[in-house]
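Residue strings, one per chain:
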Amino acid sequence: MEVIYEDNHIIAVNKNGHEIVQGDKTGDTPLSEMLKTWLKEKYHKPGNVL
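An account of the accompanying structure is given in this report. (Residues numbered from 1 in each chain as written. Predicted model: local features only at pLDDT ≥ 70, side-chain atom pairs only at ≥ 80, totals over all residues. Heavy atoms only, no water.)

Before going further, it helps to spend a moment on the overall build of the protein. Helices and strands together make up the secondary structure of the protein, namely one helix and two strands. Dimensions of the protein, computed from C-alpha atoms along their principal axes, come out at roughly 30 × 25 × 15 Å. A total of 50 residues make up the protein; the buried ones form 14% of that total. Counting every atom, the protein has about 4,200 Å² of accessible surface; 52% of that belongs to carbon and sulfur. Seen as two clouds, the 6 positive and the 8 negative side-chain charges of the protein have centres 5 Å apart. (Helix = DSSP H or I, 4+ residues; strand = E, 2+ residues; numbered from the N terminus. Buried < 20%, exposed > 50% of the residue type's maximum accessible area, 1.4 Å probe, protein only. Areas by Shrake-Rupley, 256 points an atom, 1.4 Å probe, with all protein chains shown as cover. Lys, Arg positive; Asp, Glu negative; His and termini not counted. Charge placed at Lys NZ, Arg CZ, Asp CG, Glu CD.)

Below is the structure:
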């Protein structure tokens, strides 16, 4: 996942072909969860990122 644009209202990403957008039976981490982790780490947010 590569974040190509970000502001207070939107994040645009260039995802790799093997990354899934929504959770499924494979158990792979979906893009939404990867973005939450990215935001939490980048902005040092405590608790859950929604």
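Read on, since the account is not over.
This next bit is on the environment of Asp-28. As for its placement among the helices and strands, Asp-28 is situated in the loop between strand E2 (11–14) and helix H1 (31–42). Relative accessible area serves as the criterion here: at 43%, Asp-28 is assigned to the partly exposed category. Between the C-alpha atoms of Asp-28 and His-18, which are ten residues apart in sequence, the distance is 9.8 Å.

We now examine a nonpolar patch on the surface. A surface patch of nonpolar side chains, amounting to about 320 Å² of accessible area, comprises Ile-4, Tyr-5 and Ile-10. Looking at the secondary structure, you find Tyr-5 in strand E1 (residues 2–6). Taking relative accessible area as the criterion, Tyr-5 reaches 45% and is therefore assigned partly exposed. (Patch = residues over 30% accessible without salt bridge, like charges linked within 9 Å, V, L, I, M, F, W, Y side chains within 5 Å. Salt bridge = Lys/Arg side-chain N within 4 Å of Asp/Glu carboxyl O.)

Fair warning: the whole summary comes from geometry, so function is off the table for now.
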